[in-house]
Amino acid sequence: MKILFYGTKNYDEEFFEKILPDYPGIQIKFIEANIYEETASLSKGYDAICAFVNADLSAPVIDALAEQGVKLILMRCAGYNNVDLTATHKHGIHVLRVPGYSPEAVAEHAMALALTANRHTHKAYIKLRENNFSLNGLMGVNLYHKTAGIIGTGKIGQAMARICKGFGMKVIAYDLYPNKNLDFLEYVSLDELLATSDLISLHCPLTDETKHLVNAKTIDKMKDGVILVNTSRGGLIKTEDLITGIREHKFFAVGLDVYEEETDYVYEDMSEEIMQTSLIQRLLSFPNVTMTSHQGFFTKEALSNIAETTLQNAADFMNQKELKNEVLS
Ligand SMILES: NC(=O)c1ccc[n+]([C@@H]2O[C@H](COP(=O)([O-])OP(=O)(O)OC[C@H]3O[C@@H](n4cnc5c(N)ncnc54)[C@H](O)[C@@H]3O)[C@@H](O)[C@H]2O)c1
């Protein structure tokens, strides 16, 4: 089985190549180019393609892949909001993903963002390098005995909830499908979570229903001085409304690993480019916003699990076994 890996970086190659000999019959070609309409034709002669969170797998791209005879899309990530499932279904293309490769990797990054945004460690580091030992602008708040509100208590949300509990926080949560086994947190309505949380962390997937879940109305319901963290998907937050909320001093701190507009830039060095959009720069202009570039997943353990599950998914497809990680349209 031949798989074309789109948009690969050296770390992808390192982790996949290490275990490839354990999967006889699978051949991989890594290319740096990401997938979009113009690059879909490169998949001619391949049974499958492998893509990541920043891939364009909209209907025209799926149509082009189907034309080249691709039968399988291997997402080397958990989210699949960028895949047009109506189009894959129409062409009988299977989509497999890697659910829960390391929930702790993302949850630990969510807490890192909350702590950095709150305690300004990123600024303190820069200040000290300049021999500036003053504490101006560095004051934070204690998390101990405060309330953490987790939106979406799947694998990552649960891991974040456990971390918050470990910090001595009261943990409340909102999920469409509450998990009765989680006895260390209390499920509440979304409105109650918004009104009572000191730290809100987003962990639900991006769907039609959750798009712009954080908007002018929901921001208005939040406590003044709330800390907001998003490591899920940028589209969960209506960025213009977030910017208005920040300007109105609603937030003590905001930590974002994901943001609308990220697809064009994420994982690329744009330091020599003239940027054609300004959302990220506007967000970063605020002293209480900390951002990273979709790196929540980026730990050795997670990359290793991603490689293993992706190749196992491919092997299951090749050997006509049950596809337990299939995304159903
Ligand atoms: N930053 C990163 O590097 C990174 C890495 C992996 C995943 N993610 C994101 O994290 C998200 C969560 O991942 P997961 O593995 O925990 O997923 P999961 O499927 O285990 O959990 C998602 C939870 O959200 C809940 N949910 C769905 N719709 C909801 C709604 N409308 N309101 C409230 N809750 C809702 C589900 O019931 C489920 O409990 C992914 O969808 C992905 O977008 C980000």
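Being a predicted model, the structure only gives us computed values, none of them experimental. (Residues numbered from 1 in each chain as written. Predicted model: local features only at pLDDT ≥ 70, side-chain atom pairs only at ≥ 80, totals over all residues. Heavy atoms only, no water.)

A tally of regular secondary structure across the chain gives eleven helices and twelve strands. For 329 residues, the compact-globule formula gives about 20 Å, and the C-alpha radius of gyration of the chain, at 21 Å, lands near that figure. Referenced to the eigenvectors of the C-alpha coordinate spread, the extents of the chain come out at roughly 60 × 50 × 35 Å. A buried classification covers 51% of the 329 residues belonging to the chain. With an accessible surface of roughly 16400 Å², the chain has 51% of that area assigned to carbon and sulfur atoms. (Helix = DSSP H or I, 4+ residues; strand = E, 2+ residues; numbered from the N terminus. Rg over C-alpha atoms; globule rule 2.2 N^0.38 Å. Buried < 20%, exposed > 50% of the residue type's maximum accessible area, 1.4 Å probe, protein only. Areas by Shrake-Rupley, 256 points an atom, 1.4 Å probe, with all protein chains shown as cover.)

Around the ligand there are 23 residues in total, and Lys155, Ile156, Asp175, Thr231 and Asp257 lie nearest to it. Gly154 has a polar backbone atom sitting 3.3 Å from an oxygen atom of the ligand. Summarising the interface, the protein chains cover 87% of the accessible area of the ligand, which totals 860 Å² for the free molecule. A class-by-class count of the residues in the shell around the ligand yields nine nonpolar, nine polar and five charged. (Near = heavy atom within 4 Å. Polar contact = N/O pair within 3.5 Å; in protein donor to acceptor, adjacent residues only side chain to side chain. Nonpolar A, V, L, I, M, F, W, Y, C, P; charged D, E, K, R; others polar.)

Now for the environment of Thr88. Position of Thr88 relative to the elements: it lies in helix H3 (residues 85-91). Separated by 241 residues in sequence, Thr88 and Ser329 place their C-alpha atoms 8.2 Å apart. If near-sequence neighbours (up to four positions away) are discounted, Thr88 is found in contact with Ile62, Ile73, Val83, Ile93 and Val95. (Contact = heavy atoms within 4.5 Å.)

A few words on the nonpolar core. Ile3, Ile26, Ile35, Ile49, Leu57 and Ile73 are the most contacted members of the largest nonpolar core, which has 58 residues in total. Top element by residues in this core is helix H11 (residues 300-318). It accounts for eight residues. Contacts of Ile73, omitting those with residues within four sequence positions, involve Ile49, Leu57, Ile62, Leu65, Thr88, Ile93, His94, Val95 and Leu96. The next biggest cluster of nonpolar side chains, apart from the first, holds 31 residues, and it includes Ile246, Leu256, Tyr259 and Leu279. (Core = buried A, V, L, I, M, F, W, Y, C linked by side-chain atoms within 4.5 Å.)

With that out of the way, let us pick up the sheet that holds strand S4 (residues 72-75). One open sheet holds the five strands; their spatial order is S2-S1-S3-S4-S5, and the pairing between them is parallel. The open sheet has two edge strands with one neighbour each: strand S2 (27-30) and strand S5 (94-96). Taken over all neighbouring pairs, the strand axes of this sheet differ in orientation by 20° on average, direction set aside. In terms of strand pairing, strand S1 (residues 2-5) meets strand S3 (residues 48-51) through three bridges, oriented parallel. (Pairing = 2+ DSSP bridges. Axes fitted to C-alpha atoms, helices over the stretch in contact; angles between N-to-C directions.)

Moving on: the pattern of salt bridges. Inspection of the entire model under this criterion finds eight salt bridges. The salt bridge partner of Glu268 is Lys9, with a shortest N-O separation of 3.2 Å. Placement of the pair is Glu268 in the loop between strand S11 (251-256) and helix H10 (279-284) and Lys9 in the loop between S1 and helix H1 (10-19), with a sequence separation of 259 residues. Classification of Glu268 as partly exposed rests on a relative accessible area of 44%. Exposure remark for Lys9: the relative accessible area of 23% places this residue in the partly exposed category. Residues Asp12 and Arg76 are paired through a salt bridge, measuring 3.8 Å at the closest nitrogen-oxygen approach. With Asp12 in helix H1 and Arg76 in the loop between S4 and H3, the pair connects residues that are 64 residues apart, well separated along the chain. (Salt bridge = Lys/Arg side-chain N within 4 Å of Asp/Glu carboxyl O.)

Glancing now at the environment of Gly154. Within the fold, Gly154 resides in the loop between strand S6 (147-151) and helix H6 (155-166). Separated by 25 residues in sequence, Gly154 and Asn179 place their C-alpha atoms 8.5 Å apart.

Here the focus is the UniProt feature "domain: D-isomer specific 2-hydroxyacid dehydrogenase NAD-binding" (unreviewed entry) in the chain. In the numbering used here, UniProt assigns the "domain: D-isomer specific 2-hydroxyacid dehydrogenase NAD-binding" (unreviewed entry) feature to residues 111-296. Taken end to end, residues 111-296 comprises 31% helix and 16% strand; its first and last C-alpha atoms sit 10 Å apart. (UniProt positions renumbered as here; feature names shortened; annotations may be inferred.)

With phi around 60°, Asn131 is a residue other than glycine that occupies positive phi space. One non-glycine residue with positive phi stands out, namely Gln320, at about 55°. Assignment of secondary structure puts Gln320 in the segment after H11. Judged by relative accessible area, which is 73%, Gln320 ranks as exposed.

The next subject is the pairing of strand S10 (residues 226-230). By the criterion of burial, S10 is predominantly enclosed, with five of the five residues buried. Burial of the side chains of S10 extends over both faces: Val226, Leu228 and Asn230 are buried on one face and Ile227 and Val229 on the other. Sheet topology note: the strand S9 (residues 199-202)/S10 ladder contains four bridges and is parallel. Following the sheet pairing, Leu202 is matched in S10 by Asn230. Where the polypeptide runs from S9 across helix H8 (residues 216-221) and back to S10, its parallel neighbour, the crossover connection is right-handed. Both S10 and S11 contribute to a ladder of five bridges, which runs parallel. Bridge assignment links Val226 to a residue of S11, and that residue is Phe251. After leaving S10, the chain enters helix H9 (residues 239-247) and then returns to the sheet as S11, a path that is right-handed. (Right-handed = clockwise from strand over helix to strand, strands pointing away.)

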